[in-house]
Amino acid sequence: MEESGNFWVGTYNPAWYEEEYFTKDPYNPYQDFDRHNAAFNRFIHVMNPKSVLDVGCAYGYIVKRLLDKGIPAMGCDISEWCEEQAKITIPSHFVRTTAWDLSCFKDKEFDVLFCEGTLEHIPEDKIDKMMEEFARVAERRFIGLSPNHPDTRYHVCNHDIEWWFSKMPHNTLLGKTGRSLDQEDQWLVKC
């Protein structure tokens, strides 16, 4: 991990995001946490989406909530393990791909792109391409991240909120999410 000023850049390894990550470290095990429901309720209230793409959806808990409300939704994640779990949670509403290659989706296919707890896992050299893809596939974006959190090997792109804010396409609601379930999230808007 390299440290420079107020950010850290780590080494990215897509193999990290498979079964062990979700069943042992750091989630013990990953499940439908109360935080998912809180994020979903905030998202629905603020965005009132007509259709949604959840990037970095893991098992698809947010997508399931959207589908249960009758809102067309898809989820995507890089993980083969998540793909297997999503077959149970959201059958036929999951695509395995990277956040920086959403070529499987059409231009403006979605009203809103939802992405929470994912950006800090993306290699820095893929961030600009990812933001282009986010702007291409959705009219609006609702993004939550945990900036400057280098005490995990999984967070490989750790910049302060101002850096992330400068990277966001217009029409994005950007949130600094709490690092624990009892911390408040802070939200900013980029028009």
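Note that this is a predicted model, so its numbers are computed, not measured.

How each quantity is defined
Residues numbered from 1 in each chain as written. Predicted model: local features only at pLDDT ≥ 70, side-chain atom pairs only at ≥ 80, totals over all residues. Heavy atoms only, no water. Axes fitted to C-alpha atoms, helices over the stretch in contact; angles between N-to-C directions. Helix = DSSP H or I, 4+ residues; strand = E, 2+ residues; numbered from the N terminus. Parallel < 35°, antiparallel > 145°, perpendicular 65-115°, else oblique. Left-handed = near helix turned anticlockwise from the far one by under 90°. Contact = heavy atoms within 4.5 Å. Nonpolar A, V, L, I, M, F, W, Y, C, P; charged D, E, K, R; others polar. Core = buried A, V, L, I, M, F, W, Y, C linked by side-chain atoms within 4.5 Å. Buried < 20%, exposed > 50% of the residue type's maximum accessible area, 1.4 Å probe, protein only. Pairing = 2+ DSSP bridges. Right-handed = clockwise from strand over helix to strand, strands pointing away. Phe/Tyr/Trp six-rings, centres within 6.5 Å; stacked < 30°, edge-to-face > 60°. Expected span 1.5 Å × (residues − 1). Arc of directions from axis to C-beta.

Caption draft 1: The packing of helix α2 (residues 34–47) against helix α3 (residues 61–68), seen in detail. Interhelical geometry of α2 versus α3 gives an angle of 50 degrees and a closest axis separation of 10 Å. Judged by the angle between their axes, α2 and α3 are oblique. Crossing hand, α2 versus α3: right-handed. Each of His 36, Asn 37, Phe 40, Phe 43 and Ile 44 in α2 lies in contact with α3, whose residues at this interface are Tyr 61, Ile 62, Arg 65 and Leu 66. Partitioned by chemical class, the residues of the contact of α2 with α3 number six nonpolar, two polar and one charged.

Caption draft 2: Molecular detail of the nonpolar core. In this structure, Phe 22, Phe 43, Val 52, Tyr 59, Leu 66, Phe 114 and Phe 142 are the most contacted members of the largest nonpolar core, which totals 30 residues. Elements with a minimum of two residues in this core: α1 (19–23), α2, α3, α4 (80–89) and β6 (110–116). With five residues, α2 is the single largest residue contributor to this core. Excluding residues within four positions of it along the chain, Tyr 59 makes contact with Phe 22, Tyr 30, Trp 81, Cys 82, Gln 85, Ala 86, Thr 89 and Ile 90. If you look at the next biggest cluster of nonpolar residues, it comprises 26 residues, including Leu 102, Leu 113, Met 130 and Cys 157.

Caption draft 3: Spatial organisation of the pairing of β6. Within β6, seven of the seven residues are buried, which leaves the element mostly enclosed by the surrounding structure. Pairing between strand β3 (residues 52–55) and β6: three bridges, direction parallel. Across the sheet, residue Val 52 finds its bridge partner in β6, namely Val 112. With six bridges connecting them, β6 and strand β7 (residues 138–145) associate as parallel partners. Note on β7: the bridge partner recorded for Phe 114 is Phe 142. Once you follow β6 into helix α5 (residues 127–137) and on to β7, the crossover reads as right-handed.

Caption draft 4: How the structure looks around the packing of aromatic side chains. In the structure shown here, the tally under the stated rule is 17 aromatic pairs. Here the aromatic rings of Tyr 30 and Phe 33 are separated by 5.8 Å at their centres, their planes lie at 80 degrees, and the arrangement is edge-to-face. Of the aromatic side chains, those joined through ring pairs into one cluster are Trp 16, Tyr 17, Tyr 21, Phe 22, Tyr 30, Phe 33, Tyr 59, Tyr 61 and Tyr 154.

Caption draft 5: Representation of unusual backbone geometry within the structure. Despite not being glycine, Asn 48 shows a phi value in the positive range, around 45 degrees. Of note in the backbone geometry, Lys 108 takes a positive phi value of approximately 50 degrees without being a glycine. Within the secondary structure layout, Lys 108 lies in the loop between β5 (94–96) and β6.

Caption draft 6: Looking closely at α2. For α2, which comprises 14 residues, the first-to-last C-alpha distance of 20 Å matches the rise-based estimate of 20 Å (1.5 Å per residue) to within 8%. Within the sequence span of α2, burial applies to His 36, Ala 39, Phe 40, Phe 43, Ile 44 and Met 47. Each buried residue of α2 lies within a common arc of 130 degrees when the element is viewed along its axis, so the set occupies one face. Summarising the geometry of α2, the exposed residues directed more than 90 degrees from the buried face are Asp 34 and His 45. Structurally, α2 contributes buried residues whose contacts are with β3, α3, β6, β7 and β9 (172–176). Once α2 finishes, Asn 48 follows within two positions and takes phi at roughly 45 degrees, a positive value.

Take it as geometry only, folks, not as evidence of what the structure does.
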